[in-house]
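# Analysis of the macromolecular model
So the chains spell out like this:
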Amino acid sequence: MLEELDEIYEHSLRDLTITPTISELEKWYKRNLGRKGQVTELTRQVGQVSQEDRPTFGRRVNEIKQNLENAYEKRLADLKAAELDSLLVFDSIDVTLPGRRQLRGRLHPSTQILREIYRIWGDMGFQVYRSRDVETDEFNFELLNIPEDHPARDMWDTFHTTTPGVILRTHTSPGQIHAMREYCPEPIRVILPGMCYRYEQITARSEIQFNQVEGLAVGRYITMADLKGTLTDFAKRIFGKERATRFRANYFPFTEPSAEMDVECILCNGSGCQVCQYTGWLEILGCGMVHPTVLRNGGYDPDVYSGFAFGMGPERIAMLKYGIDDIRYFWANDLRFLEQF
Ligand SMILES: [Zn+2]
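Described below are features of the structure shown in this document.

About the criteria used
Residues numbered from 1 in each chain as written. Predicted model: local features only at pLDDT ≥ 70, side-chain atom pairs only at ≥ 80, totals over all residues. Heavy atoms only, no water. Phe/Tyr/Trp six-rings, centres within 6.5 Å; stacked < 30°, edge-to-face > 60°. Buried < 20%, exposed > 50% of the residue type's maximum accessible area, 1.4 Å probe, protein only. 1 Å grid on protein atoms, 1.4 Å probe; cavity = no way out; pocket = protein on both sides within 12 Å on 5 of 7 lines; lining within 4 Å. Points joined across faces, edges and corners; volume = space filled by probe spheres on them. Helix = DSSP H or I, 4+ residues; strand = E, 2+ residues; numbered from the N terminus. Nonpolar A, V, L, I, M, F, W, Y, C, P; charged D, E, K, R; others polar. Pairing = 2+ DSSP bridges. Contact = heavy atoms within 4.5 Å. Axes fitted to C-alpha atoms, helices over the stretch in contact; angles between N-to-C directions. Core = buried A, V, L, I, M, F, W, Y, C linked by side-chain atoms within 4.5 Å. Parallel < 35°, antiparallel > 145°, perpendicular 65-115°, else oblique. Polar contact = N/O pair within 3.5 Å; in protein donor to acceptor, adjacent residues only side chain to side chain. Salt bridge = Lys/Arg side-chain N within 4 Å of Asp/Glu carboxyl O. Patch = residues over 30% accessible without salt bridge, like charges linked within 9 Å, V, L, I, M, F, W, Y side chains within 5 Å. Areas by Shrake-Rupley, 256 points an atom, 1.4 Å probe, with all protein chains shown as cover. Lys, Arg positive; Asp, Glu negative; His and termini not counted. Charge placed at Lys NZ, Arg CZ, Asp CG, Glu CD. Left-handed = near helix turned anticlockwise from the far one by under 90°.

### Some remarks on the packing of aromatic side chains
Under the criterion given, the structure shown has 15 aromatic pairs. A centroid spacing of 5.2 Å and a plane angle of 20° characterise the contact between tyrosine 329 and phenylalanine 337, whose relative ring orientation is stacked. Classification of tyrosine 329 by relative accessible area gives partly exposed; the value is 36%. For phenylalanine 337, a relative accessible area of 7% corresponds to the buried category. Members of the aromatic cluster, connected to one another through ring pairs, are Tyr322, Tyr329, Phe330, Trp331, Phe337 and Phe341.

Laid out in structure tokens, this is it:
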């Protein structure tokens, strides 16, 4: 009986010394010294031992129990210390490491150029007029002198919604009608910025969505000279005082006469290069005197009032200003591009 006792003792002591973790140690405790542990069970067997062996047996069991309790406490302390050590090693803070840089956000290049355009027009007394992205066919085309069968509709491939007659605006020009109807008969000086949508093939030069900034001035005695002077001033403010500009006759349904404005090529200074296709000039906007029909649709009597309007692409201006060769970069969300601005 006593031999068996010693065997159990040695066995559990050996087990104890190889418990690798605290949780394994707790299992060991339960197995040996817990309420139903094998050493605890031994103390209950004292009664079954013969009279003469009983004192020896009882003493020995208590001894073993106490020894194991002590060994357990020591092992627990050792394991806790080891755990702390490894924590200090693996979770240590290396104060010599460089810190992680906080990345600062920045404005999208389109937003930057838009704000520059707002500022310039603001200086000239034009206020920003916000107009909706979703338009009716009437505002996007008809009221701008582009009736259903007009061949000019071919110039704009349109995104239609599931509601007949409701489309995504193909240009910011419908905002002209909204502004005129709101301000009539007061004079108007507004710019109308915003996103436009065209169902086109995406290439280096055209996107299905892009910003436009429309401009509109309406009042008495506004002439083509006002248009030329104002737009020339704008071009010099955004591209530099020394830049030459020119106007070329063009056609738009909502202006008469209509023109396109070119600025001297920024890359070759007018001597001719690939970007300007060896003309020395870059087109930056379309413009013209507001068509009498459009004035009338906005509520203004074309015999009394006149006005000029223009439309430009901020992304295109940013491309010229910063030498960006592909419009697709603007909405591709590539940080390598965006971080350059
Ligand atoms: Zn050039």
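Moving on from the coordinates now.
### Thoughts on the layout of surface pockets
To find the voids left in a structure, one rolls a probe of water-molecule size over its atoms. Counted as a void, the largest pocket has a volume near 1,300 Å³. Along the walls of the largest pocket sit 48 residues, with Arg205, Glu283, Ile284, Gly313 and Arg316 positioned nearest its centre. Going through the elements one at a time, strand E5 (209-219), strand E6 (245-252), strand E7 (255-264), strand E8 (281-290), strand E9 (306-312) and helix H10 (314-322) are the ones with two or more residues in the lining of the largest pocket. In this structure, the second largest pocket occupies an estimated 260 Å³ of space. Contributing to the lining of the second largest pocket are Arg101, Gln102, Leu103, Arg104, Gly105, Arg106, Leu107, His108, Pro109, Leu335, Leu338 and Glu339. Grouping the constituent residues of the lining of the second largest pocket by class yields five nonpolar, three polar and four charged.

### A few points about the sheet that holds strand E4 (residues 188-197)
Picture the strands of a sheet paired through backbone hydrogen bonds; they go either parallel or antiparallel. If you walk across this open sheet you meet the seven strands as E1-E4-E5-E9-E8-E7-E6, and the pairing is mixed. If you trace the sheet from one side to the other, it starts and ends with strand E1 (127-128) and E6, each paired once. Note that E4 and E5 share 10 bridges and pair antiparallel. Across the sheet, proline 193 pairs through a bridge with valine 213, a residue of E5. Against the sheet, H10 contacts E5, E8 and E9, and its axis sits at roughly 105° relative to E5.

### A closer look at the nonpolar core
Among the nonpolar cores identified, the biggest contains 43 residues, and Ile117, Trp121, Phe234, Leu285, Phe310 and Met312 are the most heavily contacted of them. Every element with two or more residues in this core is listed here: helix H5 (109-123), E5, helix H8 (224-239), E7, E8, E9, H10 and helix H11 (335-338). Those residues in contact with methionine 312 that lie beyond four places of it in its chain are Ile117, Trp121, Asn211, Gln212, Val213, Phe234, Ile284, Leu285 and Ile317. Core analysis: the next-biggest nonpolar cluster, separate from the first, contains 23 residues, Tyr129, Ile146, Leu216 and Tyr305 among them.

### Observations concerning unusual backbone geometry
The omega torsion across cysteine 184 and proline 185 is 5°, close enough to zero to call that bond cis. Mapping proline 185 onto the fold places it in the loop between helix H7 (174-183) and E4. Positioned with a positive phi, asparagine 145 is a non-glycine residue whose angle comes to about 70°.

### Brief notes about the environment of aspartate 78
Of note, aspartate 78 is situated in helix H4 (residues 54-90). With relative accessibility at 37%, the residue aspartate 78 sits in the partly exposed group. Taking the C-alpha atoms as reference, aspartate 78 lies 9.6 Å from isoleucine 22; in sequence the two are 56 residues apart.

### As for the packing of H8 against H10
Contact pair H8 / H10: the axes reach a minimum separation of 11 Å and the direction vectors enclose 50°. Considering the angle they form, H8 stands oblique to H10. Residues Phe234, Ile238 and Phe239 of H8 form the contact with H10, whose participating residues are Ile317, Leu320 and Lys321. For the contact of H8 with H10, the residue count by class is five nonpolar, no polar and one charged.

### Here we look at the side chain of threonine 40
Its location among the elements puts threonine 40 in helix H3 (residues 38-44). Only 3.3 Å separates the side chain of threonine 40 from the backbone oxygen of leucine 33, close enough to count as a polar contact. Not counting residues up to four positions away in its chain, the partners in contact with threonine 40 are Asn32, Leu33, Gly34 and Arg35.

### Structural notes on the pattern of salt bridges
A full pass over the atoms with the stated rule returns 16 salt bridges. Note that aspartate 6 and arginine 60 form a salt bridge whose closest N and O atoms lie 2.8 Å from each other. One end of the pair, aspartate 6, is in helix H1 (residues 2-17); the other, arginine 60, is in helix H4, and 54 residues separate them in sequence. For aspartate 123, the salt bridge goes to arginine 237, with nearest N and O atoms at 3.5 Å.

### Examining a negative patch on the surface
Together, Glu3, Glu4, Glu7 and Glu10 make up a negatively charged patch on the protein surface. As for its position among the elements, glutamate 7 is in helix H1.

### Some thoughts on the packing of H5 against H8
Between H5 and H8, the shortest axis-to-axis distance is 10 Å and the interhelical angle comes to 135°. If you check the angle between H5 and H8, you find them oblique. Between H5 and H8 the crossing geometry is right-handed. Contacts from Ile113, Glu116, Ile117, Ile120, Trp121 and Asp123 in H5 reach Thr230, Leu231, Phe234, Arg237 and Ile238 in H8.

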